[in-house]
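A structural walkthrough
Here's the letter readout for the chains.
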Amino acid sequence: MATLDEVARTVLRERYLRQDEAGTVIETPDELFRRVADAVAAAEDDDVEGTADRFYDALSALEFLPNSPTLMNAGTDLHQLAACFVLPIEDSLVSIFETLKRTALIHQSGGGTGFSFSKIRPVGDVVAKTGGVASGPVSFMRIFDVATEQIKQGGRRRGANMGVLDASHPDVRAFVTAKHEADAFRNFNLSVATDAAFWDAVESGEPYDLVNPRTGETVDRVDADAILDLIAELAWATGDPGLLFLDEINTHNPTPALGRIEATNPCGEVPLLPYEACILGSVNLGEMTDGDKIDREKLARTVRLGVRFLDDALDVSTFPVADIERAVSRTRKVGVGVMGFHDMLVDIGVAYDSDEAVAVADEVMQLVSETAWETSRRLAEERGPFPVWSESVFDDPVRNATTTTIAPTGTISMIAGATAGIEPIYNVVYEKQVLGGLEMVNDRFVEIAKARGFYDEDLLTDLKDRTSIQDVDAIPADVKRLFQTAHDVPPERHVAVQAAFQHHVDNAVSKTVNLPSDASVDDVRTVFLAARDQGLKGITVFRSGARPEQVLGDDPLK
Ligand code: UDP
């Protein structure tokens, strides 16, 4: 088993290791990996033990980790293993409150939920049953927010939500400004759903129709550019909303016959049909190098194991309601992705902001994607294709409607001691505001500092208050290049890395484009346009000094 650092041990102890009724921890990290490996491999027909051992080896070596609900719940009474869900909301109280109930059950089991509120009639519209006046989608979102606040996920973290509204909804302005008030909707990320009609109107300057979803009537004609400006302004101030490119998402919908995709999970990396769920897992790229080279063989081997693991996990997972069970078993979506991308770049000596980093992203994700699909094809030969495969876009039988996703890996990267997802580092040393404050130290930096003779404790203390090490004289220039922080990397380079990954990812990519505190609203707009241009499925920006991210950034249990 790989050595777990202090942060990993703390996170595991506080959130993941099994406890008895009195709250006493009753398993070791090693036993956790064994529990998860055994529970998931139980789905295998032959060689259950051999497969369990292979899963255990990869998990305990921190080469591959599944999403948190799998680590927490596999082999326990609460056997729900997926992190990502999307639920439908129709324009009726019955639908809204039915979905609210299901949301509570999903949150309780450790999953996050996304919804499109676009079908709900706008503020001021008629309510025939009561002769009253409609209160609009934002008011109903508030109910979801309050409910989420009360339900801690399996007692270990609070639920997270994605709220989506079409740019053409008459209440779009209220939605865009919903998080402006401090502390409003703290359990929601927000995304405005856009499509070709919106972007055409931005480009041409022609009026853009706001349409009442209940009647189909155009109730207003507005300047799409002004809406985009408002979105950019709020994203500049608070980090929300982000954008979804629903046309791009639906161009890549693997099962268009089952319907149109309208929403994603909370962090945007998994567009799903209503009731679908997805189990994610991430390969730790920092463990996929050999000296200063990418170990392609090991990477491919780990991806093969990862896809098999997630396909098994789908079979042994329970789901909170029958509609979800049905939707999941129809398409069998899984999402293998990566974490520790920046660690890999450090190992092979590539700066995050360089063209070479984009080439590495492209090379790595192409290999991950090809290997994942090859594995899904083999699984189809062995176990049959996903049940609605004949209605899908695939010519060859495959076991899963999607195989790849880039997750944020907010917590599992802390267990793996890896940089989160495909993000650049926050700093080489900093205090992370979770579990009462954890000191995050970049091992690679310390190792290099010791080897190169510039390590000293005072230097680390000094670096702790910074968000960049670029102007620290004691650190050699070539080392500084390798440890560019999220603040050092220019926004367009963030977008370029995201795009390189997205081009090989079936689902979507979780990525935050960081902007300096002195960035303008126009700079945010420029990022949005670049994201649109480069074929992304969604985009989120965060300006340094804007309101701290609330949904997943702070300690959810504090
Ligand atoms: N998620 C959630 N609550 C949380 C963190 C994550 O519901 O506090 C869900 C959400 O759907 C998110 C997904 O888990 O998009 C993956 O997030 P991440 O990779 O950060 O999760 P991890 O497996 O590292 O805990």
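Concerning the overall build of the chain
Counting secondary structure elements, the chain contains 20 helices and 23 strands. Computed over its C-alpha atoms, the radius of gyration of the chain comes to 23 Å, within 12% of the 24 Å expected for a compact globule of 558 residues. In terms of its C-alpha atoms, the chain occupies a principal-axis envelope of roughly 70 × 60 × 50 Å. Every one of the 558 residues in the chain was classed for burial, and the buried ones make up 58%. Counting only contacts in the chain whose residues sit at least 6 apart along the sequence, the fraction spanning at least 24 positions is 72%. Accessible area for the chain stands at about 21600 Å²; split by element, carbon and sulfur atoms hold 48% of it. In the chain, 53 side chains carry a positive charge and 92 a negative one; their mean positions are 3 Å apart.

Quick look at unusual backbone geometry
Trans peptide bonds make up most of the peptide bonds, and negative phi angles are found at most residues other than glycine. Geometrically, the link from D240 to P241 is a cis peptide bond, its omega value of 0° lying close to zero. With respect to the helices, strands and loops of the structure, P241 is situated in the loop between α9 (224–238) and β12 (242–245). A positive phi angle is found at D183, which is not glycine, with a value near 75°. When you line up the elements, D183 lands in the loop between α7 (172–176) and β9 (188–194). In this structure D183 comes out as exposed when scored by relative accessible area, which is 52%. Backbone geometry at F185 places phi at a positive 50°, although glycine is not the residue there. Residue placement: F185 occurs in the loop between α7 and β9.

Some remarks on the site of the ligand
The full set close to the ligand counts 21 residues, and S68, R157, N265, T409 and G410 are the nearest of them. Within the complex, 97% of the 520 Å² of free accessible area of the ligand lies under protein.

Here's the deal with helix α12 (residues 322–331)
Regarding α12, the residues found buried are I324, A327, V328 and T331. Angular distribution of buried residues about the axis of α12 spans 95°; they occupy a single face of the element. The elements touched by buried residues of α12 are β2 (84–87), α5 (93–108), β15 (277–284) and α11 (296–316).

Section: the pattern of salt bridges
For the coordinates displayed, the defined rule picks out 46 salt bridges. Between D323 and R102 there is a salt bridge, and its shortest N-O distance comes to 3.0 Å. Remark: R102 occurs in helix α5 and D323 occurs in helix α12; sequence separation between them is 221 residues. Here the salt bridges do not stand alone but share partners, grouping E44, R308, D311, D312, D315, R332, E382, R383 and R399 into one network.

Brief notes about the nonpolar core
Across soluble globular proteins, nonpolar side chains show a tendency to be buried alongside one another. In terms of nonpolar packing, the biggest core is built from 135 residues, with F341, F501, F528 and I539 touching the most fellow members. If we ignore the near neighbours within four places in the chain, the residues touching F528 are L228, I231, A232, A235, P241, L243, F245, I539 and V541.

A few points about the state of the cysteines
As enumerated under the stated definition, the model contains 0 disulfides in all. Residue C267 stays outside any disulfide, its sulfur separated by 7.9 Å from that of C84, the closest cysteine.

Some points on the packing of aromatic side chains
Summed over all chains, the structure comprises 19 aromatic pairs. Ring geometry for F55 and F309: centres 5.0 Å apart, planes at 70°, overall edge-to-face. Remark: F309 occurs in helix α11 and F55 occurs in helix α3 (residues 48–60); sequence separation between them is 254 residues. A relative accessible area of 0% places F309 in the buried class. When the ring of F341 is compared with that of Y352, the centres are 5.9 Å apart and the planes differ by 75°; the resulting orientation is edge-to-face. On the criterion of sequence distance, the pair formed by F341 in helix α13 (residues 341–348) and Y352 in the loop between α13 and α14 (355–383) is long-range, its members being 11 residues apart. Of the two residues, F341 and Y352, neither departs from the other in class, the shared state being buried. A network of ring pairs unites the aromatic residues F115, F117, F144, F185 and F188 as a single cluster. The positively charged end of R34 is found above the aromatic ring belonging to Y56, 4.8 Å away from the centroid.

What to know about the confidence of the model for the chain
Of all residues in the chain, 97% have pLDDT values of 70 or greater, and the mean over the chain is 95. In this model residues 549–558 is a low-confidence stretch, pLDDT under 50, and it forms 34 contacts with partners more than four residues away in sequence or in other chains.

Digging into the environment of G417
Structurally, G417 can be placed in the loop between α15 (412–416) and β19 (429–432). By relative accessible area, G417 is classed as partly exposed at 39%. Residues G417 and A174 lie 243 residues apart in sequence; the distance between their C-alpha atoms is 41 Å.

So, a negative patch on the surface
Together, D5, E6, D443 and E447 give the surface a local cluster of negative charge. Looking at the element boundaries, E6 is found in helix α1 (residues 6–16).

Description of helix α2 (residues 29–41)
End to end, α2 covers 18 Å across 13 residues, agreeing with the expected 18 Å (1.5 Å per residue, within 8%). Every buried residue of α2 is listed here: P29, L32, F33, R35, V36, A37, A39, V40 and A41.

Concerning the pairing of β9
β9 sits mainly inside the fold: 7 of its 7 residues count as buried. A two-sided burial pattern is seen for β9, the buried positions comprising F188, L190, V192 and T194 on one face and N189, S191 and A193 on the other. Across 6 bridges, strand β8 (residues 161–166) lies against β9 in parallel orientation. Note on β9: the bridge partner recorded for L165 is V192. One ladder, built from 4 bridges, connects β9 with β12; its direction is parallel. Within the sheet, the bridge partner assigned to V192 lies in β12 and is L243.

Rules behind the numbers
Residues numbered from 1 in each chain as written. Predicted model: local features only at pLDDT ≥ 70, side-chain atom pairs only at ≥ 80, totals over all residues. Heavy atoms only, no water. Helix = DSSP H or I, 4+ residues; strand = E, 2+ residues; numbered from the N terminus. Rg over C-alpha atoms; globule rule 2.2 N^0.38 Å. Buried < 20%, exposed > 50% of the residue type's maximum accessible area, 1.4 Å probe, protein only. Contact = heavy atoms within 4.5 Å. Areas by Shrake-Rupley, 256 points an atom, 1.4 Å probe, with all protein chains shown as cover. Lys, Arg positive; Asp, Glu negative; His and termini not counted. Charge placed at Lys NZ, Arg CZ, Asp CG, Glu CD. Near = heavy atom within 4 Å. Arc of directions from axis to C-beta. Salt bridge = Lys/Arg side-chain N within 4 Å of Asp/Glu carboxyl O. Core = buried A, V, L, I, M, F, W, Y, C linked by side-chain atoms within 4.5 Å. Disulfide = S-S within 2.5 Å. Phe/Tyr/Trp six-rings, centres within 6.5 Å; stacked < 30°, edge-to-face > 60°. Lys NZ or Arg CZ within 6 Å of the ring centre and 35° of its normal. pLDDT = per-residue confidence, 0-100. Patch = residues over 30% accessible without salt bridge, like charges linked within 9 Å, V, L, I, M, F, W, Y side chains within 5 Å. Expected span 1.5 Å × (residues − 1). Pairing = 2+ DSSP bridges.

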